[in-house]
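Below, each chain spelled out in residue letters.
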2 protein chains.
Amino acid sequence: MAKLQKSIDKRNALVKATIELVNNNGFHATPMSKIAKMANVSPATIYLYFENKQDLVNQTYIEVKAEYTKYAFETYDESMSVEAGFELIWKRIADFKLKECENAMFLAQCDNTPMIDELSRQQGIKHLQPLLDLWTRGKEEGIIKPLSEYLLYAYAINPLSFLMITQKRGAFQLDKTHLEEAYQSAWSSIKVCK
Amino acid sequence: MAKLQKSIDKRNALVKATIELVNNNGFHATPMSKIAKMANVSPATIYLYFENKQDLVNQTYIEVKAEYTKYAFETYDESMSVEAGFELIWKRIADFKLKECENAMFLAQCDNTPMIDELSRQQGIKHLQPLLDLWTRGKEEGIIKPLSEYLLYAYAINPLSFLMITQKRGAFQLDKTHLEEAYQSAWSSIKVCK
DNA sequence: TGACAAAAAATGAATGTTCATTCTTTTTTA
DNA sequence: TAAAAAAGAATGAACATTCATTTTTTGTCA
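Here's what I pulled together on the structure shown here. (Residues numbered from 1 in each chain as written. Chains lettered and ligands numbered in written order. Predicted model: local features only at pLDDT ≥ 70, side-chain atom pairs only at ≥ 80, totals over all residues. Heavy atoms only, no water.)

### Details of the interface of chain B and chain A
Point 1. At the interface, 41 residues of chain B touch 41 residues of chain A.
Point 2. Carbon and sulfur atoms make up 65% of the surface buried where chain B meets chain A, a total of about 3300 Å² over both sides.
Point 3. Summed over the shared surface of chain B and chain A, the number is 0 salt bridges.
Point 4. If you list the elements that add at least two residues to the side of chain B that touches chain A, you get helix H1 (2–25), helix H6 (101–111), helix H7 (118–126), helix H9 (149–156), helix H10 (158–169) and helix H11 (176–190) of chain B.
Point 5. For the side of chain B that touches chain A, the leading source of residues is H11(B), giving 8 residues.
Point 6. Classifying every residue of the side of chain B that touches chain A by side-chain character gives 19 nonpolar, 16 polar and 6 charged. (Contact = heavy atoms within 4.5 Å. Buried area = accessible area lost by both parts, 1.4 Å probe. Salt bridge = Lys/Arg side-chain N within 4 Å of Asp/Glu carboxyl O. Helix = DSSP H or I, 4+ residues; strand = E, 2+ residues; numbered from the N terminus. Nonpolar A, V, L, I, M, F, W, Y, C, P; charged D, E, K, R; others polar.)

### Focus: the protein's contact with DNA strand C
Point 1. DNA strand C sits among 18 residues. The nearest are A:Ala44, A:Thr45, A:Tyr49, B:Met32 and B:Tyr47.
Point 2. Note that a phosphate oxygen of DNA strand C is positioned 2.8 Å from one of the side-chain N or O atoms of A:Tyr49.
Point 3. Between DNA strand C and B:Tyr47, the relevant distance is 2.7 Å, taken from a phosphate oxygen to a side-chain nitrogen or oxygen of the residue.
Point 4. Breaking the surface near DNA strand C down by element, the ones donating at least two residues are helix H1 (2–25) and helix H3 (43–49) of chain A together with H1, helix H2 (32–38) and helix H3 (43–49) of chain B.
Point 5. Looking at the surface near DNA strand C, its residues break down into 8 nonpolar, 5 polar and 5 charged. (Near = heavy atom within 4 Å. Polar contact = N/O pair within 3.5 Å; in protein donor to acceptor, adjacent residues only side chain to side chain.)

### Focus on the protein's contact with DNA strand D
Point 1. Around DNA strand D, the surrounding shell holds 17 residues, and the nearest of these are A:Met32, A:Tyr47, A:Lys53, B:Ala44 and B:Thr45.
Point 2. Within 4 Å of the protein, the atoms of DNA strand D are drawn from sugar and phosphate moieties in a proportion of 74%.
Point 3. A:Met32 is positioned such that a nitrogen or oxygen atom in its backbone is 2.6 Å from a phosphate oxygen of DNA strand D.
Point 4. Note that a phosphate oxygen of DNA strand D is positioned 2.8 Å from one of the side-chain N or O atoms of B:Tyr49.
Point 5. Breaking the surface near DNA strand D down by element, the ones donating at least two residues are H1 and H3 of chain A together with H1 and H3 of chain B.
Point 6. Element by element, the count of residues in the surface near DNA strand D is highest for H3(B), at 4 residues.

What follows is the structure, encoded as structure tokens:
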């Protein structure tokens with residue numbers, strides 16, 4: 001197993017370097033040579049693990065996205081009430097975006113630019129299904145507004161990305177209090193007002 | 001004035017080409033030669049109007065941002081009630097994002113990547129002041145939740161960018177009905193619940 | 001166990017291309 | 001006709017990818 005172990009370490013180092021460099025400079029301003037240097041590897045070695053630069057970024061995206069959704073739904077279970085389930089998932093997502101800031105920033109950049117193949121993007125979206133199902137249930141129970149998934153996502157989840165980017169720029173600090181306020185805003189935007 | 005007129009046309013053509021190409025390919029995948037070709041100009045001519053590529057993009061950003069905020073606040077006046085003022089501004093912004101889709105996409109891309117100088121970004125933010133003032137007034141009157149401006153922006157305005165990008169990708173069509181629903185979500189996320 | 005050859009992995013240097021920017025010449029304007 | 005504007009071609013740097021070698025690993029047999 002020694003060989004395989006070693007390979008995985010290098011691959012991980014490459015993925016990690018890609019995330020860090022793309023976060024700070026963007027896709028096209030990140031040369032393969034720098035990725036190689038940061039991963040302590042020769043540029044040529046990258047091509048043993050990835051087809052080319054596009055493939056490296058696509059694979060990185062898919063991996064990080066999978067990590068993200070795994071974390072988001074890890075403690076969720078479908079027997080929960082809609083409101084409790086939503087709060088749980090929302091707070092896990094918020095948690096991820098604050099703790100795994102680098103990873104989350106990378107996803108945000110991928111989601112907002114033409115950096116990723118459409119195919120890889122589609123793959124990344126699939127994992128959100130449990131949240132979409134929760135919303136469907138909430139609509140049936142009359143707890144959640146009867147809105148399109150895109151609208152629900154835009155108001156309930158997407159603002160977290162904006163807050164994370166703003167925080168990264170240093171303009172603003174997202175602490176415990178703000179987080180609870182943000183949650184309340186998210187919930188009020190999608191719940192049915194009694 | 002003939003000379004100046006001609007110059008302004010060329011400058012505008014360059015700015016327009018920049019927006020279109022950067023929208024579709026991103027900053028670094030947009031060569032000066034293509035911008036020149038799309039504007040029917042020699043590459044060398046760009047340097048008569050702009051210092052370099054970074055300057056071209058910075059100036060384009062600042063111009064589009066100014067256009068955007070001008071449109072947003074054109075019909076607003078400070079004597080309006082908080083709720084009416086917010087609805088008006090929100091709908092103007094939504095309108096801009098749908099009608100001037102190219103311009104709005106360009107701003108979204110600039111706001112989400114390290115493509116623009118920090119200085120130019122700061123310049124762009126200033127113009128939002130009337131909205132921030134409206135929110136301050138709303139908080140004083142107990143109509144708007146006592147949240148940080150960043151939180152208010154994240155829930156009241158930013159979701160429109162997400163919806164615009166999603167629409168551009170073709171996954172979803174933002175029609176009149178959706179727009180009204182989106183407005184209601186925005187307003188419920190920031191208003192004080194009675 | 002240890003030595004060694006075949007295979008795999010890794011490397012640094014080369015290759016060819018793309019691109020921002022500049023230079024020299026031509027065209028347009030006044 | 002002098003000055004300004006524009007052009008196309010040239011320059012040099014940066015980069016993704018490949019190539020020819022070197023290093024490391026693996027499996028085999030004494």
